[in-house]
Every structure is written in structure tokens, then in C-alpha cells.
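# A look at the structure
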Amino acid sequence: GDKVKQSPSALSLQEGTNSALRCNFSIAATTVQWFLQNPRGSLINLFYLVPGTKENGRLKSAFDSKESYSTLHIRDAQLEDSGTYFCAAEAYGSSGNKLIFGIGTLLSVKP
Amino acid sequence: NAGVIQTPRHKVTGKGQEATLWCEPISGHSAVFWYRQTIVQGLEFLTYFRNQAPIDDSGMPKERFSAQMPNQSHSTLKIQSTQPQDSAVYLCASSLDGLGGRYAEQFFGPGTRLTVL
């Protein structure tokens, strides 16, 4: 919800183009995870980040804990990249650590 | 490695009936999490076990919901007297121990879609 704000909420891309998704945090995030929920509903791990960057194939992600944001860059988008992308921030709370999810970015890649 | 296994994949109950959802974590993972996903609320944390011990159940509705982890190979989420507002996808995740008190990467099961009529 409000503690993890994802943008945009929806995105349509032509196959082969690039884009970036973003999460802004109003909490002190210690780690960030990015997931893709495919049309069948399965949540697939994309990245687990401490502050810094990671790259995996056409995907690249960064987490800046000082500026409280994370980004996911998709290069050369393919049809199979379609689905809902979630970021989740780990933060300390009164009852311990929590993984707090954003509301997701619905990505549609078109031929 | 079969990943996190959740059964059943779909469950339909009548209002007031009990529902029990099962989760088998990835072998060797010490942490098990339960989440609920709805269109309105998104993904919400429910409860967390580490080495079978309940660590944090702050996300669980205080009445009617309970979770257990009787052994390292499975956890259950039980909802008594189900209500239509309990309809959701219930997701289980597992992970290794994190470093320095942090969470490690969580791996999700396919979820159980609960429909309460």
C-alpha cells in the first residue's frame, strides 16, 4: 500500500522495447525483492537485493536505501515478460521484520 | 526440487464451514510464511515460522484463523467458520535463514484459491 509505492500501475510495451519500473519506500527498507506473478498466478523470484545493483539477462535491478527506492529495468521486452511485477521491501516493525508488498505493475508486452 | 507445494489448489466452502490449507516448504528451508492476496488489499502478510516455532502472527485475524507447523515438512493454515470476506488466494513461502537478522530470498508456492459462498 502506501509504505511501498509502485509505479506505473500498468504498462503496455511493444516487443523489443525497454522500460523501467520503480518502487518508492516510506519505510526504512533493508532488503528488496522483486517478483513476477505470471498469468497462472505463480510468484517467481526475480531479484533479492541489499543496497546495490544486480543484473540477470535482460533484467537489471537497483536498490538505493538512502534515497528509499528500487528500480527494475527490462531490456528488449519479450511476450513472456507479461504479468504483474511486485516489489517487496523488508522493514523492521514493532512485531519484527516484515516483507511489505507494493500493489504491483501490470505489464503487457504486445507483438 | 519441487518447490513449495500447496494443497489444495482450489477450495470452495460454504459460509460457516472450516477450511484447512496445507503447505510443504522447500526441503532445508527453515522459515515458512503465509500471505493472503486479494484484489482490494493486495499481498498481505499473515504469519511466520522459523524452525517450526511461531515467530510473528501479527497479520492473522485474531478470531477464526490459526496456523501450525507440526514438523519441518509442512505447515497448515486453518480458518474456522469461513466468511465470504475470507475469499482470497492464500500463498505460502519458504526461505533459508537470512544473514544479520534479515530475511533471505522467499520462494512462493502456487497458492490456494479459497472461495467462500
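Residues numbered from 1 in each chain as written. Chains lettered and ligands numbered in written order. Predicted model: local features only at pLDDT ≥ 70, side-chain atom pairs only at ≥ 80, totals over all residues. Heavy atoms only, no water.

## Focus on the overall build of chain A
Rule in force here: Runs of H or I in DSSP of at least four residues are treated as helices and runs of E of at least two as strands, each being numbered from the N terminus. Residue burial is assigned from relative accessible area. The probe radius is 1.4 Å, only protein chains are included, and a residue is buried under 20% of its type maximum, exposed over 50%, and partly exposed in between. Residue contacts are counted whenever heavy atoms from the two residues lie within 4.5 Å of one another. Here the Shrake-Rupley method, with its probe set to 1.4 Å, supplies the accessible areas, and only the displayed protein chains count as covering residues.
Scanning chain A for helices and strands turns up 0 helices and 11 strands. In sequence order, chain A lays out its α and β elements as β-β-β-β-β-β-β-β-β-β-β. The proportion of buried residues among the 111 residues of chain A is 50%. Contacts in chain A between residues far apart in sequence, at least 24 positions, make up 53% of those at least 6 positions apart. Put simply, chain A shows about 5,300 Å² of open surface, and 51% of that area lies on carbon and sulfur atoms.

## Examining the state of the cysteines
All names here are of chain B. The condition that has to hold: Any cysteine sulfur atom paired with another within 2.5 Å is treated as part of a disulfide.
All told, the structure shown has 2 disulfides over all chains when counted by the stated rule. A disulfide bridge connects Cys23 with Cys92, and the sulfur atoms are separated by 1.9 Å. Its S-S torsion of about -65° marks the bond between Cys23 and Cys92 as left-handed, since a negative value means left-handed. In this pair, Cys23 sits in strand 3 (residues 19-24) while Cys92 sits in strand 9 (residues 88-95), placing the two residues 69 residues apart along the sequence. Judged by its relative accessible area of 1%, Cys23 is buried. For Cys92, a relative accessible area of 0% gives the class buried.

## Remarks on the nonpolar core
One recurring pattern in soluble globular proteins is that nonpolar side chains are buried together. Quick reminder of the rule: Nonpolar cores are built from buried Ala, Val, Leu, Ile, Met, Phe, Trp, Tyr and Cys residues. Side-chain atoms within 4.5 Å join them into one set.
Membership of the largest hydrophobic core comes to 25 residues, with the highest contact counts inside it found for Val4, Phe25, Trp34, Leu46, Leu72 and Tyr85 of chain A. Secondary-structure elements contributing two or more residues to this core are strand 3 (19-25), strand 4 (29-37), strand 5 (43-49), strand 7 (59-64), strand 8 (69-74), strand 9 (83-93) and strand 11 (105-110) of chain A. If you look at the next biggest cluster of nonpolar residues, it comprises 19 residues, including Cys23, Trp34, Leu46 and Leu77 of chain B.

## Comments concerning the interface of chain A and chain B
For the record, the criterion: The term buried area refers to how much accessible surface (probe radius 1.4 Å) is lost by two components on association, counted for both of them together. One side-chain nitrogen of Lys or Arg within 4 Å of one carboxyl oxygen of Asp or Glu is enough to make a salt bridge.
The partner chain B presents 16 residues to the 18 residues of chain A that form the contact. With both chains or domains summed, chain A and chain B bury close to 1,600 Å², and 52% of this area falls on carbon and sulfur atoms. Per-residue buried area on chain A facing chain B is highest for Leu43, Asn45 and Phe101 of chain A; these three make up 27% of the total on that side. Counting every contact that joins chain A to chain B gives 1 salt bridge. As a salt-bridge pair, Lys98 of chain A and Asp56 of chain B come within 2.4 Å of each other at their nearest N and O atoms.

## Overview of the pattern of salt bridges
Side-chain pairing between opposite charges can occur once the charged atoms of the two side chains come close. Residues and elements named next belong to chain A. Under the criterion given, the structure shown has 4 salt bridges over all chains. Two residues, Asp81 and Arg58, come together in a salt bridge whose shortest N-O distance is 2.8 Å. Placement of Asp81 in the loop between strand 8 and strand 9 and of Arg58 in the loop between strand 6 (52-56) and strand 7 is noted, with a sequence separation of 23 residues between them. Look at Arg58 and you get partly exposed, because its relative accessible area is 24%.

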